[in-house]
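# Chains, contacts and geometry: an overview
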Amino acid sequence: QQQVKQSPQSLIVQKGGISIINCAYENTAFDYFPWYQQFPGKGPALLIAIRPDVSEKKEGRFTISFNKSAKQFSLHIMDSQPGDSATYFCAVLEAGGSQGNLIFGKGTKLSVKP
Amino acid sequence: EAQVTQNPRYLITVTGKKLTVTCSQNMNHEYMSWYRQDPGLGLRQIYYSMNVEVTDKGDVPEGYKVSRKEKRNFPLILESPSPNQTSLYFCASSLTGWGGQPQHFGDGTRLSIL
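The sections below set out a description of the structure shown in this document.

Let us now look at the overall build of chain B. Across its full length, chain B holds zero helices and 11 strands. Counting from the amino terminus, chain B carries its helices and strands in the arrangement β-β-β-β-β-β-β-β-β-β-β. Relative to the globule expectation of 13 Å for 114 residues, the C-alpha radius of gyration of chain B, 13 Å, shows essentially globular dimensions. In terms of overall dimensions, chain B has C-alpha extents of about 35 × 30 × 30 Å along its principal axes.

Turning our eyes to something else, we now look at the sheet that holds strand E1 (residues 4–7) of chain A. Sheets are built from strands paired through backbone hydrogen bonds, the pairs being either parallel or antiparallel. Residues and elements named next belong to chain A. If you walk across this open sheet you meet the five strands as E1-E3-E8-E7-E6, and the pairing is antiparallel. On the outer flanks of this sheet lie E1 and strand E6 (56–59), each paired with one strand and no other. Each strand of the sheet is rotated relative to its neighbour by a mean of 15 degrees, with strand direction disregarded. Here strand E7 (residues 62–67) runs beside strand E8 (residues 72–77); their pairing, made up of six bridges, is antiparallel. Counted as the bridge partner of serine 65 is serine 74 from E8.

Taken together, the 22 residues of chain A in the interface contact 24 residues of chain B. The junction of chain A with chain B conceals about 1700 Å² of combined surface from both sides, 51% of it contributed by carbon and sulfur atoms. Along the contact surface separating chain A from chain B lie one salt bridge. For aspartate 107 of chain B, the salt bridge is made with lysine 42 of chain A, and the minimal N-O distance between the two is 3.4 Å. Our count for the chain A to chain B interface comes out at four residue pairs in polar contact (both at pLDDT 80 or more). Residue assignment for the side of chain A that touches chain B shows that the elements contributing at least two residues are strand E4 (30–38) and strand E9 (86–94) of chain A. Of the residues forming the side of chain A that touches chain B, the biggest block, three residues, is contributed by E4 of chain A.

Another aspect to go through is the packing of aromatic side chains. Inspection of every chain in the model, using the stated rule, returns 16 aromatic pairs over all chains. Taking the centre distance of 6.4 Å and the plane angle of 75 degrees together, the rings of phenylalanine 104 of chain A and phenylalanine 105 of chain B count as edge-to-face. Placement of the pair is phenylalanine 104 of chain A in strand E10 (residues 103–104) and phenylalanine 105 of chain B in strand E10 (residues 104–105), with the two residues belonging to separate chains. Residue phenylalanine 104 of chain A shares its accessibility class with phenylalanine 105 of chain B, and that shared class is buried.

Using the criterion set out here, one finds two disulfides over all chains in the structure. In this model cysteine 23 of chain A forms its disulfide with cysteine 90 of chain A; the gap between the sulfur atoms is 1.9 Å. Judged by the sign of its S-S torsion, about -90 degrees, the bond between cysteine 23 of chain A and cysteine 90 of chain A is left-handed. Note that cysteine 23 of chain A is positioned in strand E3 (residues 19–25) and cysteine 90 of chain A in strand E9, a separation of 67 residues in sequence. Residue classification places cysteine 90 of chain A among the buried residues on the basis of a relative accessible area of 0%. Between the sulfur atoms of cysteine 23 of chain B and its disulfide mate cysteine 91 of chain B the distance is 1.9 Å. Classification of the bridge connecting cysteine 23 of chain B and cysteine 91 of chain B rests on its S-S torsion, roughly -75 degrees, and on that basis the disulfide is left-handed. In this pair, cysteine 23 of chain B sits in strand E3 (residues 19–25) while cysteine 91 of chain B sits in strand E9 (residues 87–94), placing the two residues 68 residues apart along the sequence. Cysteine 91 of chain B sits in the buried class, given a relative accessible area of 0%.

Attention shifts here to the pairing of strand E1 (residues 4–7) of chain B. Residue and element names in this part refer to chain B. What you see with E1 is a clean split: Val4 and Gln6 sit on the buried side and Thr5 and Asn7 on the side with no burial. Pairing analysis gives four bridges linking E1 to E3, with the strands arranged antiparallel. If you follow valine 4 over to E3, its bridge partner there is glutamine 25.

Conventions and cut-offs
Residues numbered from 1 in each chain as written. Chains lettered and ligands numbered in written order. Predicted model: local features only at pLDDT ≥ 70, side-chain atom pairs only at ≥ 80, totals over all residues. Heavy atoms only, no water. Helix = DSSP H or I, 4+ residues; strand = E, 2+ residues; numbered from the N terminus. Rg over C-alpha atoms; globule rule 2.2 N^0.38 Å. Pairing = 2+ DSSP bridges. Axes fitted to C-alpha atoms, helices over the stretch in contact; angles between N-to-C directions. Contact = heavy atoms within 4.5 Å. Buried area = accessible area lost by both parts, 1.4 Å probe. Salt bridge = Lys/Arg side-chain N within 4 Å of Asp/Glu carboxyl O. Polar contact = N/O pair within 3.5 Å; in protein donor to acceptor, adjacent residues only side chain to side chain. Phe/Tyr/Trp six-rings, centres within 6.5 Å; stacked < 30°, edge-to-face > 60°. Buried < 20%, exposed > 50% of the residue type's maximum accessible area, 1.4 Å probe, protein only. Disulfide = S-S within 2.5 Å.

Okay, here's the thing in structure tokens:
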């Protein structure tokens, strides 16, 4: 059973546009929602994360929007740049759970065209 | 420089020939884990370790072994590799295994089993 569903699988955006990647989950016990960014030939790296006590978190051009009632969270990349071209993974972790229980989405490959 | 180092980065080998992928971190992290990344399947956890001498199975442990004799090292062992273990492997570490901690990933090991 897929506990976190990520969409779209791939995304093409023009430079300067907004990129939006969505994740949906079922388990209401999840309480940590990170996004990881992976460039080709590199390992994933934590980009931004949110807890369910806030509905939005912004770091520079990257924003997580969190909708607890809908059990969805999304990553918004404002003013998308070619350097943002990467694969993005959402993840979820249950409250009190160990890192061993971190569950990743299947990833979204973002291409930002100049 | 804080990092997770994996070796080798690339390996082509044959079915049944035992191999070890090493992973070392220099951040004094308690938690370490191994993932495999396959197209369309995202990141799936193989094994993880909450601390020295403490290891546990992830989602896809079949065909793999691990050990954690020292804090900094967490090797992944394929005793009798098979073609379905052809994949991109990542080692990761975090300060502790509890709660939402950033995981630091190595740059990956691409294994091809013929």
